[in-house]
Amino acid sequence: MSAITVRVPAKVNLQLAVGPLREDGYHDLVNVFHAVSLFDEVTAAEPADGDVTAAPLRVRVEGDHTGEVPVSDDNLAVRAAMALAGRAGRTYRADLLIRKSIPVAGGMAGGSADAAAALVACNELWGLGLPVEDLMEIAADIGSDVPFALLGGTAVGTGRGERLAPLETAGVFHWVFALADGGLSTPRVYGECDRLREEAGVAAPRPAVSETLLDALRRGDAKALGQALANDLQPAALALRPSLADTLAAGRERGALGALVSGSGPTCAFLAESAEHAHELAGLITDVDGCRAVVTAHGPVPGATVAGAGAG
Ligand code: C5P
């Protein structure tokens, strides 16, 4: 095959419990990931021009608001493909095309999703046949959220978020996401979380998974899940972007079962009772100040999956 396209979902964190800062600069987490039906697509193709002097990995990005996505070796998809080629022990060539729908720097792990998709696409394109366990290991080196983008579904992550255990869930959950103008830097939000805790003289608690949340997921109980949603990074995201408090309040006032900042933000997530309720709620939130766009999605959905193979 000379081109492989992989579809990969965004995530929302249903619970993000942040522990103390570790010596390696990361925080110990309990991170309940949930993959939702907002997808990026990554196509890996054999370079058509046969120019052997060109960089072995090139990347293009298409979609709205993609100006901040690097098209250099800093791109997470390029880093993932390079790491995969390194594992295979030789140079491989590919042109990567990323079609983005997941908001950039939005707290929905879009960059990590693209890295996971690049691993699956290049593993196929180059005929490496590495098992998913090997891809998971490479993924964890690229970023804390990359392994989950391979796995999908709903899962709890521990360590820095990369050690995953799938969770049992029932039914489908319906979501509304309010996208904001501009992104928030993840390291900056973690740093602000540490600063706020220090200022308040609060020691970081040992992160623990919420049994109420696990029970709500097992029973497919959206009302109970709405009440159990929790994000320790939310105060920091609100401190850096105060307008998000109004967005969250607007969603709650207009009938969301639960509302929280997604990951490090600035995307806000609202849980709805049904697909109809999600559409209705989305219509009521569109005009809120600071909200660039509103989208609906459902979860859980599978992780990075081959969507097509062709002649490039
Ligand atoms: O792993 P990743 O590169 O996606 O993480 C981005 C940044 O988020 C890290 O450099 C760190 O500042 C912060 N982070 C953290 N603790 C985690 C995960 C991420 O402090 N468990």
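Our subject is the structure listed above.
The notes below deal with the structure included here. (Residues numbered from 1 in each chain as written. Predicted model: local features only at pLDDT ≥ 70, side-chain atom pairs only at ≥ 80, totals over all residues. Heavy atoms only, no water.)

Considered for burial, the residues of helix 10 (residues 275-285) that qualify are His277, Ala278, Leu281, Ala282 and Ile285. The arc enclosing the buried residues of helix 10, seen along the axis, measures out at 135°, which places them on a common side. The exposed residues of helix 10 that point more than 90 degrees off its buried face are Glu276, His279, Glu280 and Gly283. Looking at the buried positions of helix 10, the neighbouring elements they touch are strand 7 (173-180), helix 9 (243-253), strand 10 (268-272) and strand 11 (291-299). (Buried < 20%, exposed > 50% of the residue type's maximum accessible area, 1.4 Å probe, protein only. Helix = DSSP H or I, 4+ residues; strand = E, 2+ residues; numbered from the N terminus. Arc of directions from axis to C-beta. Contact = heavy atoms within 4.5 Å.)

Grouped together as the largest cluster of nonpolar side chains are 64 residues, with contacts concentrated most on Leu14, Trp126, Trp175, Phe177 and Leu225. When residues in this core are grouped by element, the largest group, 10 residues, is from helix 2 (residues 110-125). Ignoring any residue separated from it by four or fewer positions in sequence, one finds Phe177 in contact with Val12, Val36, Met108, Thr267, Cys268, Ala269, Ala293, Val294, Val295 and Ala297. With 28 residues, the next largest nonpolar core counts Leu233, Val288, Cys291 and Val294 among its residues. (Core = buried A, V, L, I, M, F, W, Y, C linked by side-chain atoms within 4.5 Å.)

Pairing between strand 5 (residues 154-158) and strand 6 (residues 163-166): 4 bridges, direction antiparallel. Within strand 6, the residue paired with Gly157 across the bridge is Leu164. Hairpin remark: strand 5 followed by strand 6, antiparallel, with 4 residues in the connecting loop; positive phi at Gly159, about 70°. (Pairing = 2+ DSSP bridges.)

What follows is about the side chain of Thr5. Relative to the assigned elements, Thr5 resides in strand 1 (residues 3-21). Note on Thr5: relative accessible area 17%, which makes it buried. Those residues within four positions of Thr5 in sequence are excluded, and the remaining contacts are Glu41, Val42, Thr43, Thr305, Val306, Ala307 and Gly308.

Remark: helix 2 packs on helix 3 (residues 132-142), axes separated minimally by 10 Å, with the N-to-C direction vectors making an angle of 145°. Helix 2 and helix 3 meet at a crossing whose hand is right-handed. Contacts between helix 2 and helix 3 involve Ala115, Leu119, Val120 and Asn123 on the former and, on the latter, Leu135, Ile138, Ala139 and Ile142. Taken together, the residues that form the contact of helix 2 with helix 3 break down as 7 nonpolar, 1 polar and no charged. (Axes fitted to C-alpha atoms, helices over the stretch in contact; angles between N-to-C directions. Left-handed = near helix turned anticlockwise from the far one by under 90°. Nonpolar A, V, L, I, M, F, W, Y, C, P; charged D, E, K, R; others polar.)

Right, let's talk about helix 1 (residues 76-88) for a bit. Compared with the 18 Å implied by 1.5 Å per residue over 13 residues, the 18 Å span of helix 1 between its first and last C-alpha is a close match. Of the positions making up helix 1, those classed as buried are Ala77, Val78, Ala80, Ala81, Leu84 and Ala85. Looking straight down helix 1, one finds that the buried residues subtend no more than 160° of arc, so they occupy a single side. Buried-residue contacts for helix 1 involve strand 3 (57-62), strand 4 (94-99), helix 2 and helix 3. (Expected span 1.5 Å × (residues − 1).)

Moving on, we come to the layout of surface pockets. Empty space within the largest pocket amounts to approximately 1100 Å³. Together, 47 residues line the largest pocket, and Leu76, Ser112, Asp145, Thr186 and Pro187 are the ones closest to its centre. Going through the elements one at a time, strand 1, strand 2 (27-45), helix 1, helix 2, helix 3 and helix 5 (186-200) are the ones with two or more residues in the lining of the largest pocket. Taken together, 17 residues make up the lining of the second largest pocket; nearest its centre are Asp64, His65, Pro103, Val104 and Arg292. (1 Å grid on protein atoms, 1.4 Å probe; cavity = no way out; pocket = protein on both sides within 12 Å on 5 of 7 lines; lining within 4 Å. Points joined across faces, edges and corners; volume = space filled by probe spheres on them.)

With that settled, consider the pairing of strand 10. In summary, the side chains of a regular strand alternate between the two faces of the sheet. Among the 5 residues that make up strand 10, 5 are buried, leaving the element largely enclosed by the rest of the structure. On strand 10, burial covers both faces: Cys268, Phe270 and Ala272 on one face and Ala269 and Leu271 on the other are all buried. Here strand 7 runs beside strand 10; their pairing, made up of 5 bridges, is antiparallel. Each residue of the ladder has a partner; that of Val176, found in strand 10, is Phe270. Hairpin remark: strand 9 (residues 258-261) followed by strand 10, antiparallel, with 6 residues in the connecting loop; positive phi at Gly263, about 55°.

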